[in-house]
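Examination of the molecular architecture
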Amino acid sequence: MEHTMLEIDSLVHEASQLIASVTNVRELESARVQYLGKKGLFTEQLKSLGNLPKEQRPEVGQKINNAKNNFESQLKEKKS
């Protein structure tokens, strides 16, 4: 589980840096797709929950969802 949590933390950090660096709406949309799209990085993390032991899924799932929600908030803020 530690490995998964570190991956999520790293993903959150990368996503935040990307949002901070975008300079136009097109780049912002590209970032959204990269992280939230059907094959996005957060989406893939959620899909991988099934590979974790049953007792770890709720905690890891919650962390991914929190990260995803935070990313969406950052996108909206940057778009404004």
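This text gives an overview of the structure that appears in the document. Each chain carries its own residue numbering, running from 1 in the direction its sequence is written. Thresholds applied to this predicted model are a pLDDT of at least 70 for local features of residues and 80 or more for the giving and counting of side-chain atom pairs; totals over whole chains, interfaces and linings are not thresholded and use all residues. The side-chain figures draw on all heavy atoms in the structure; neither hydrogens nor water molecules are used.

Re the packing of aromatic side chains
Ring pairs shown here join Phe, Tyr and Trp side chains whose ring centres sit within 6.5 Å, with only the six-membered ring taken for Trp; geometry is labelled stacked below 30 degrees between planes, edge-to-face above 60, and tilted in between. Applying the stated criterion to the full structure yields 3 aromatic pairs. Judged by centre distance (5.0 Å) and plane angle (45°), the ring pair of Tyr 35 and Phe 71 falls under tilted. Taken together, the positions of Tyr 35 in helix 2 (residues 25-36) and Phe 71 in helix 4 (residues 57-79) put the pair 36 residues apart, joining distant regions of the chain. The exposure class assigned to Tyr 35 is buried, which follows from its relative accessible area of 3%. Owing to a relative accessible area of 2%, Phe 71 belongs among the buried residues under this scheme. Members of the aromatic cluster, joined through ring pairs, are Tyr 35, Phe 42 and Phe 71. Numbering of helices and strands runs from the N terminus, with a helix taken as a DSSP run of H or I at least four residues long and a strand as a DSSP run of E at least two residues long. Only protein chains enter the accessibility calculation, which uses a 1.4 Å probe. A residue is then buried if its area is under 20% of the maximum for its type, exposed if over 50%, and partly exposed in between.

A few points about the side chain of Thr 43
Counting through the fold element by element, Thr 43 comes out in helix 3 (residues 41-47). Residue contacts follow a heavy-atom distance rule, with two residues in contact if any of their heavy atoms lie within 4.5 Å. With residues near it in sequence (within four places) discarded, Thr 43 still touches Tyr 35, Leu 36, Gly 37 and Lys 38.

Examining the nonpolar core
For our purposes a nonpolar core is just a set of buried Ala, Val, Leu, Ile, Met, Phe, Trp, Tyr and Cys residues, chained together by side-chain atoms within 4.5 Å. With 17 residues, the main nonpolar core has Tyr 35, Leu 36, Phe 42, Val 60, Phe 71 and Leu 75 as its most contacted residues. Sorting the residues of this core by element identifies helix 1 (2-21), helix 2 and helix 4 as the ones contributing at least two each. Filtering out sequence-adjacent residues up to four positions away, Tyr 35 remains in contact with Leu 11, Glu 14, Ala 15, Leu 18, Gly 40, Leu 41, Phe 42, Thr 43 and Phe 71.

A look at the pattern of salt bridges
A side chain of one charge can pair with a side chain of the opposite charge when the charged atoms of the two come close. Between Lys or Arg on one side and Asp or Glu on the other, a salt bridge is scored when a side-chain nitrogen of the former is within 4 Å of a carboxyl oxygen of the latter. What the rule picks out here adds up to 3 salt bridges. Of the charged contacts in the structure, one is a salt bridge between Glu 29 and Arg 32, with a shortest N-O distance of 2.6 Å. Taken together, the residues Glu 29 and Arg 32, both in helix 2 and 3 residues apart, mark about one turn of the helix. Taking relative accessible area as the criterion, Glu 29 reaches 35% and is therefore assigned partly exposed. Classification of Arg 32 by relative accessible area gives partly exposed; the value is 34%. A salt bridge links Glu 44 to Lys 47; its shortest N-O distance comes to 3.7 Å.

A look at helix 2
Under the 1.5 Å per step criterion, the end-to-end length of helix 2 is 16 Å for 12 residues, consistent within 8% with the ideal 16 Å. Within helix 2, burial applies to Leu 28, Ala 31, Tyr 35 and Leu 36. Seen along its axis, helix 2 keeps its buried residues to an arc of 95°; they face one direction. Polar contact is the term for a pair of N or O atoms within 3.5 Å; when the atoms are in protein, one must be able to donate a hydrogen and the other to accept it, and sequence-neighboring residues count only if both atoms are side-chain atoms. Two or three places before Arg 26, at the start of helix 2, stands the capping residue Asn 24, its side-chain oxygen 3.0 Å from that residue's backbone nitrogen. Multiplying 1.5 Å by the helix residue count minus one yields the expected span of that helix. In this context, the arc is that of the directions from the helix axis out to the C-beta atoms.

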